Amino acid sequence: MPPSSGACIFCDIVARRSPAHIVYEDARCLAFLDLFPFTRGHVLVVPKLHVDRLVDLPPEAYPALLAALASVCRQLERLTPHYNIASNQGELAGQIVFHLHFHVIPRYTGASPFHDKPRGRLADAEAHELLAALRPTERT
Ligand code: 5GP
Ligand code: ZN
């Protein structure tokens with residue numbers, strides 16, 4: 001069951017009750033820029049169906065989510081062929097938003113971008129430049 005309105009920020013983004021910089025959408029999935037990116041072009045891929053975590057997702061939703069993830073990877077490969085795909089499951093694993101999501105985190109140098117320090121908020125100008133660079137095409 002989806003949580004009631006306002007209970008889940010990613011459901012609010014899916015329902016367009018909250019803004020986001022959307023880079024990919026299909027009937028079952030959405031992908032948008034992370035508001036506090038580890039690196040330039042950090043994207044979150046979510047099923048539109050609210051589930052807290054992967055083990056709660058109905059198996060019939062697996063193919064669409066994997067296809068959406070691959071499409072987003074193809075888009076991000078316009079920025080760099082190097083990236084991490086990650087999904088935090090549970091609070092101790094770093095999950096903060098309890099709506100299943102996969103991070104796709106572009107890598108531009110060998111230095112690890114992962115740290116506990118607060119990350120900067122995505123600037124609007126950078127978001128708009130990224131939206132233009134990542135715009136879906138017939139090949140994605
Ligand atoms: P988690 O730690 O749960 O795996 O990751 C949650 C991610 O969601 C974080 O990287 C965080 O920056 C991002 N995030 C949290 N709130 C929002 C929001 O309102 N909009 C967007 N676009 N990203 C968010
Ligand atoms: Zn949700």
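1. Remarks on the site of ligand 1
Here is step 1: Close contacts around ligand 1 come from 17 residues, with Asp34, Gly94, Ile96, His101 and Arg119 the closest.
Here is step 2: Residue leucine 35 places a main-chain N or O atom 3.3 Å away from a nitrogen atom belonging to ligand 1.
Here is step 3: When ligand 1 sits alone it has 520 Å² of accessible area, and the protein chains cover 87% of it.
Here is step 4: Every element with two or more residues in the shell around ligand 1 is listed here: helix H1 (9–14) and strand E2 (29–33).

2. A closer look at the sheet that holds strand E4 (residues 83–86)
Sheet strands pair by backbone hydrogen bonding; their relative direction is either parallel or antiparallel.
Here is step 1: Spatial ordering of the open sheet is given by E1-E2-E3-E5-E4, a layout of five strands whose pairing is antiparallel. The sheet is open, and its two borders are formed by strand E1 (22–25) and E4, each paired with just one other strand. Looking at each pair of strands side by side, their axes are set apart by 15° on average, direction ignored.
Here is step 2: Where E2 meets strand E3 (residues 43–47), five bridges bridge the pair, whose relative direction is antiparallel. Each residue of the ladder has a partner; that of alanine 31, found in E3, is valine 45.
Here is step 3: Each of E1, E2, E3, E4 and strand E5 (102–106) touches helix H2 (residues 62–76); the most contacted strand, E3, lies at about 160° to it.

3. Digging into the confidence of the model for the protein chain
Here is step 1: In this model, the protein chain carries an average pLDDT of 95, and 94% of its residues clear a pLDDT of 70 or more.
Here is step 2: Predicted confidence in the protein chain is weakest over helix H3 (residues 124–134), with a mean pLDDT of 97, and strongest over E3, with 99.

4. Some words on the coordination of the zinc ion (ligand 2)
Here is step 1: Protein-derived coordination of the zinc ion (ligand 2) comes from Cys8 (SG), Cys11 (SG), His50 (ND1) and His99 (ND1), at a distance range of 2.0 to 2.3 Å.
Here is step 2: Donor residues for the zinc ion (ligand 2) sit on one chain with the sequence pattern C-x2-C-x38-H-x48-H.

5. Observations concerning the packing of aromatic side chains
To describe a pair of aromatic rings, you give the distance between the ring centres and the angle between the ring planes.
Here is step 1: Across all of its chains, the model carries two aromatic pairs by this definition.
Here is step 2: Centroid distance phenylalanine 10 to phenylalanine 32: 5.2 Å. Interplanar angle 75°. Geometry classified as edge-to-face. One end of the pair, phenylalanine 10, is in helix H1; the other, phenylalanine 32, is in strand E2, and 22 residues separate them in sequence.
Here is step 3: Looking at phenylalanine 10, the relative accessible area reads 6%, which means it is buried.
Here is step 4: Phenylalanine 32 sits in the buried class, given a relative accessible area of 2%.
Here is step 5: Considering the side-chain rings of phenylalanine 38 and phenylalanine 114, the 5.1 Å spacing of their centres and the 75° angle between planes classify their relative orientation as edge-to-face. Residue phenylalanine 38 is located in the loop between E2 and E3, and its partner phenylalanine 114 is located in the loop between E5 and H3; the two are separated by 76 residues in the primary sequence.
Here is step 6: Arginine 119 extends its terminal NZ or CZ atom over the ring of phenylalanine 38, reaching a point 3.8 Å from the ring centre.

6. Observations concerning unusual backbone geometry
Here is step 1: The phi dihedral of arginine 16 falls on the positive side, at around 65°, and the residue is not glycine.
Here is step 2: With relative accessibility at 46%, the residue arginine 16 sits in the partly exposed group.

What counts and what doesn't
Residues numbered from 1 in each chain as written. Chains lettered and ligands numbered in written order. Predicted model: local features only at pLDDT ≥ 70, side-chain atom pairs only at ≥ 80, totals over all residues. Heavy atoms only, no water. Near = heavy atom within 4 Å. Polar contact = N/O pair within 3.5 Å; in protein donor to acceptor, adjacent residues only side chain to side chain. Areas by Shrake-Rupley, 256 points an atom, 1.4 Å probe, with all protein chains shown as cover. Helix = DSSP H or I, 4+ residues; strand = E, 2+ residues; numbered from the N terminus. Pairing = 2+ DSSP bridges. Axes fitted to C-alpha atoms, helices over the stretch in contact; angles between N-to-C directions. Contact = heavy atoms within 4.5 Å. pLDDT = per-residue confidence, 0-100. Donors = N, O, S within 2.8 Å, 3.2 Å for Na, K, Ca; no water. Phe/Tyr/Trp six-rings, centres within 6.5 Å; stacked < 30°, edge-to-face > 60°. Buried < 20%, exposed > 50% of the residue type's maximum accessible area, 1.4 Å probe, protein only. Lys NZ or Arg CZ within 6 Å of the ring centre and 35° of its normal.

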